[in-house]
Amino acid sequence: QVQLVESGGGLVQAGGSLRLSCTASGRTFGRYAMGWFRQTPGKEREFVAAISWIGGRTFYSDSVKGRFTISKDNAKRVLYLQMNSLKPEDTAVYFCAASITAKPTAEYSDYVFWGQGTQVTVSS
């Protein structure tokens, strides 16, 4: 089992920044990718960004490309999401997830372990 715990969410004004963290514990998939998804009420969970655990290959959704940066600290087993130039439409609960694939993907079904989520609210 893998346990994932997100932190760093909060309330920020449009144009501001936040950094989310996700700490992994338990048996970790050392060769596999991890990602961030987000969800708003009544909508499906949406892919945000992913990174391979080895090599650091990244993949972003078009809606966040150029504004968000995913990164990791392998030694600390922490995944990050730096969010800049935030917009009200970025408001959502953000989830960290661990994949079963080495390649970072946007496929929800590739991610088998999930955190509990952290709320990000961007005011206009």
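Throughout what follows, the structure given in this document is the object of discussion.

## Details of the environment of Arg-19
Part 1 of the argument: Of note, Arg-19 is situated in strand E3 (residues 18-26).
Part 2 of the argument: Between the C-alpha atom of Arg-19 and that of Gln-39, which follows or precedes it by 20 residues, the distance is 17 Å.
Part 3 of the argument: Each residue touching Arg-19, except ones within four places of it in the same chain, is listed here: Ser-7, Gly-8, Tyr-80, Leu-81 and Gln-82.

## What to know about the sheet that holds strand E7 (residues 68-73)
Part 1 of the argument: Ordered in space as E1-E3-E8-E7, the four strands form an open sheet in which the pairing is antiparallel. Both outer strands of the open sheet, strand E1 (2-7) and E7, are each paired with one neighbouring strand and no more. Between one strand and the next, the sheet's axes are offset by a mean angle of 20 degrees, whatever the strand orientation.
Part 2 of the argument: Inspection of the sheet shows E1 paired to E3 by six bridges, in the antiparallel sense. For Val-2, the partnering residue across the bridge sits in E3 and is Gly-26.

## What to know about the side chain of Thr-105
Part 1 of the argument: For Thr-105, the position within the fold is in the loop between strand E9 (92-99) and strand E10 (111-114).
Part 2 of the argument: Polar side-chain contacts of Thr-105 include one of 2.7 Å to the side chain of Asp-110.

## A word on the nonpolar core
Part 1 of the argument: With 28 residues, the main nonpolar core has Leu-4, Trp-36, Leu-81, Met-83 and Tyr-94 as its most contacted residues.
Part 2 of the argument: Those elements that provide at least two residues to this core are E1, E3, strand E4 (34-39), strand E5 (46-51), E7, strand E8 (78-83), E9 and strand E11 (118-123).
Part 3 of the argument: Excluding residues within four positions of it along the chain, Tyr-94 makes contact with Glu-6, Leu-20, Trp-36, Phe-37, Arg-38, Val-48, Phe-68, Leu-81, Met-83, Gly-117, Thr-118 and Val-120.
Part 4 of the argument: Counting five residues, the second largest nonpolar core, distinct from the first, contains Phe-47, Ala-50, Ala-97 and Tyr-111.

Here is what the cut-offs are and how they apply
- Residues numbered from 1 in each chain as written.
- Predicted model: local features only at pLDDT ≥ 70, side-chain atom pairs only at ≥ 80, totals over all residues.
- Heavy atoms only, no water.
- Helix = DSSP H or I, 4+ residues; strand = E, 2+ residues; numbered from the N terminus.
- Contact = heavy atoms within 4.5 Å.
- Pairing = 2+ DSSP bridges.
- Axes fitted to C-alpha atoms, helices over the stretch in contact; angles between N-to-C directions.
- Polar contact = N/O pair within 3.5 Å; in protein donor to acceptor, adjacent residues only side chain to side chain.
- Core = buried A, V, L, I, M, F, W, Y, C linked by side-chain atoms within 4.5 Å.
- Buried < 20%, exposed > 50% of the residue type's maximum accessible area, 1.4 Å probe, protein only.

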